[in-house]
Amino acid sequence: MCGVCGTYAPDGRLDRGVAVDMHDRLIHRGPDETYSLNTDVLSAKLVRLGMNGITDGWQPAEDRSGRYVAMTNGEIYNAQALHARLGSAGGANRVDVAVVPELVARYGVQGLGLIDGQFATIVLDRAENDVFLARDRFGICPLYYAVTGSQLHFCSEIKPLVQSVPEAWKVDLGAVDQYFSLGNIVAPRTLVQGVAAVPPGSAVRFGPGLEPRTERYWRYGDFAATAEPVPDEEIRDTLRQAVKDRLHADVEIGAYLSGGFDSTAIVTEVSGLRSSPLRTFSAVFDDPALDEGRFQREVAATVGSKHEQVLVSRADITEKFEQMVRHCCYPQRETYNVAAMMLADTVRATGIKGVVSGEGADELFFGYDSYAFDSAARTGRGARAENEQAWGRADFGWEVDWRRLAGRRTDYLTPQVREALVGQEFWRTRLIPFSDEEVASLSRMQLRSVADVYVQLSGHLLGDHGDSMLMGSSVEGRYPFLGNGIVALAQRTGDGQKMVDFEGKACLKSAYEGIVPESVLRRGKHGFTAYDLREVTDRRTWDRWRDLVEAGGIFPTGCLDTDPRSRAAEKWDFRLSAISIAIVMDELGLAL
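Asker: Can you lay out the sheet that holds strand β12 (residues 196–197) for me, pointing to particular residues and giving the numbers?
Answerer: Reading across the sheet, the six strands line up as β2-β3-β1-β9-β8-β12 and stay open at both edges, with antiparallel pairing between neighbours. Two strands in the sheet have a free side with no partner beyond their single neighbour: β2 (33–38) and β12. As defined by bridge partners, β2 adjoins strand β3 (residues 42–48) across six bridges and the pair is classed as antiparallel. The residue of β3 that forms the bridge with Thr-34 is Val-47. In the packing of helix α1 (residues 16–24) onto the sheet, the strands contacted are β1 (3–8), β2, β3 and β9 (151–155), and the crossing angle to β1 comes to about 165°.

Given below as structure tokens:
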């Protein structure tokens, strides 16, 4: 996966020390090698986690004309096919990401849409002295940027950028409102005012004036369901190919095994493609309500994997929660990222540098319970103008509970912050890349799928839960359900094949009937969760967090003293959100 960082100054007044400082804070993402690109307007560095082309690949990579030069982190699984298409397969540089500047030279930014993989790239156009930053279709690889004065700074993580650039950084109250409303922060917004995330499937170009020009080269949600159901065999073949592509590496690839259907289908396919036993990893708990160990062990025994379970205790949550937040610098709503961090530590300790995982299946094939509700013919859905502004449809509010939102703001935001938020509320920004007219053509479940991808999958499941936790231990995550082939299949599979008798992912489960263990195939959706933070935290630690929360100026006195479960049907413990935002503000030195 690696990490990229640097500074671009079209007027030539570069502070190259910023890139060096960011690089030093990114070593965990790529401890194997460091590459540099220096011109009169650009200073960029890449830390490499060697996965492919270890002995015969390097960066930066150029197109054949020499006009475009790129520094890219990530993996391009169809690089060989792309080189053949471009007639560029004969080059000496065998690293897969060397195809990026060739694609840009031939097709411009739109050429990035041909990539099956995960990447974040910085490309310099030597003819124009312009730079653009781009990110893969789903935003698996993060990339942040900030313009300060006459310089553009960019980095794979937000923390090194903020800590390396001497600026009076402030918290973005609009992002705080997004989190307390949605449970996520949606790109391009971040928790830091003045720092933006490159949106998934997009490139942001900068020239002499440093005015960002964003061009989207791909989006999820252009559904085109076929008249006939997609056959089970085609579903299995397509997923198997995506798995096979993501096993391609010069190093061993392991797998996460949660005990749910998605990871089980993946490890089943991996085991069928390998001659040696697969290494699988999972988190277990001593609380029966949380533990999925018996399902994990059953699947491991079925596929013959060499399985390792990581026991996450209550004490681990207490001891590691703040460490986890200070690393990823992203708000939290539950404690399960501690388990994800411990899992990644264990994977790396075994010598494994990459794992396949099941993210994306629920969003693409309607696996969450909310899709079952959407599939029911109901009337009387409340219409709101705010919904129309945020989503393009007045009767669609995604996961926003408007009845409780006002009370939540009162509980967790001071009067001064609530006043400052007027005009910056989360719903004032269109949160998905669709116009009103395009939204009107989507079914309710399709619209939810689009919202799930852009609001929850990118920033959270692939971001702080995925990339941050994995790369903190120098481990790369790979996601077969987000392969181009399986995504295309999902977009031409009808709603009625995905949701059958209020059961989501029906077509996937049908395809793996008799292949995946019956106990896993028929079990209900079980989200990855961990212990409640307040129940496992000692009084002294909680009091210290209370002081930190109240010192930040965003949250009112006493907001940590009310049990949110007293508010009926609150989905998350927003005390964790307040604590984690206060920790991030402290770690990054953010002012109100």
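Asker: Just give me the short version of unusual backbone geometry, but keep the residues and values in it.
Answerer: Following Gln-59, the chain continues to Pro-60 via a peptide bond in cis, the omega torsion being 0°. Turning to its location among the elements, Pro-60 is positioned in the loop between β3 and β4 (61–62). A cis amide bond, omega 15°, links Ala-187 with the succeeding residue Pro-188. Relative to the elements of secondary structure, Pro-188 occurs in the loop between α5 (173–182) and β11 (192–193). In the Ramachandran plot, Ser-474 falls in the positive-phi region, its phi being about 60° despite a non-glycine side chain. Mapping Ser-474 onto the fold places it in the loop between α17 (444–471) and β19 (476–478). Classification of Ser-474 as buried rests on a relative accessible area of 9%. Phi at Asp-501 takes a positive value of approximately 50°, unusual for a residue other than glycine. Position of Asp-501 relative to the elements: it lies in the loop between α19 (495–498) and α20 (506–511).

Asker: Please provide a residue-by-residue account of the packing of aromatic side chains, values included.
Answerer: Taken as a whole and judged by the stated rule, the model has 19 aromatic pairs. Taken together, a centroid distance of 6.1 Å and an interplanar angle of 55° make the contact between Phe-180 and Phe-555 tilted. With Phe-180 in helix α5 and Phe-555 in the loop between α23 (539–551) and α24 (574–588), this residue pair connects regions lying 375 residues apart in the sequence. Accessibility expressed as a relative area gives 2% for Phe-180, which makes it buried. Ring geometry for Trp-572 against Phe-574: centres 6.1 Å apart, planes inclined by 75°, an arrangement best described as edge-to-face. As far as the burial class goes, Trp-572 and Phe-574 line up, both buried. Taken together, the ring pairs in this structure connect Phe-180, Tyr-412, Phe-555, Trp-572 and Phe-574 into an aromatic cluster. A cation sits over an aromatic face here: Arg-219 above Phe-434, 3.9 Å from the ring centre. We note Lys-498 situated over the ring of Phe-365; from NZ or CZ to the ring centre the distance is 5.9 Å.

Asker: Could you give me a rundown of the environment of Pro-231, with the residues and numbers involved?
Answerer: Within the secondary structure, Pro-231 is located in the loop between β14 (213–216) and α6 (232–246). Put simply, Pro-231 and Arg-326 are 95 residues apart on the chain and 46 Å apart in space, counted from C-alpha to C-alpha.

Cut-offs applied
Residues numbered from 1 in each chain as written. Predicted model: local features only at pLDDT ≥ 70, side-chain atom pairs only at ≥ 80, totals over all residues. Heavy atoms only, no water. Pairing = 2+ DSSP bridges. Helix = DSSP H or I, 4+ residues; strand = E, 2+ residues; numbered from the N terminus. Contact = heavy atoms within 4.5 Å. Axes fitted to C-alpha atoms, helices over the stretch in contact; angles between N-to-C directions. Buried < 20%, exposed > 50% of the residue type's maximum accessible area, 1.4 Å probe, protein only. Phe/Tyr/Trp six-rings, centres within 6.5 Å; stacked < 30°, edge-to-face > 60°. Lys NZ or Arg CZ within 6 Å of the ring centre and 35° of its normal.

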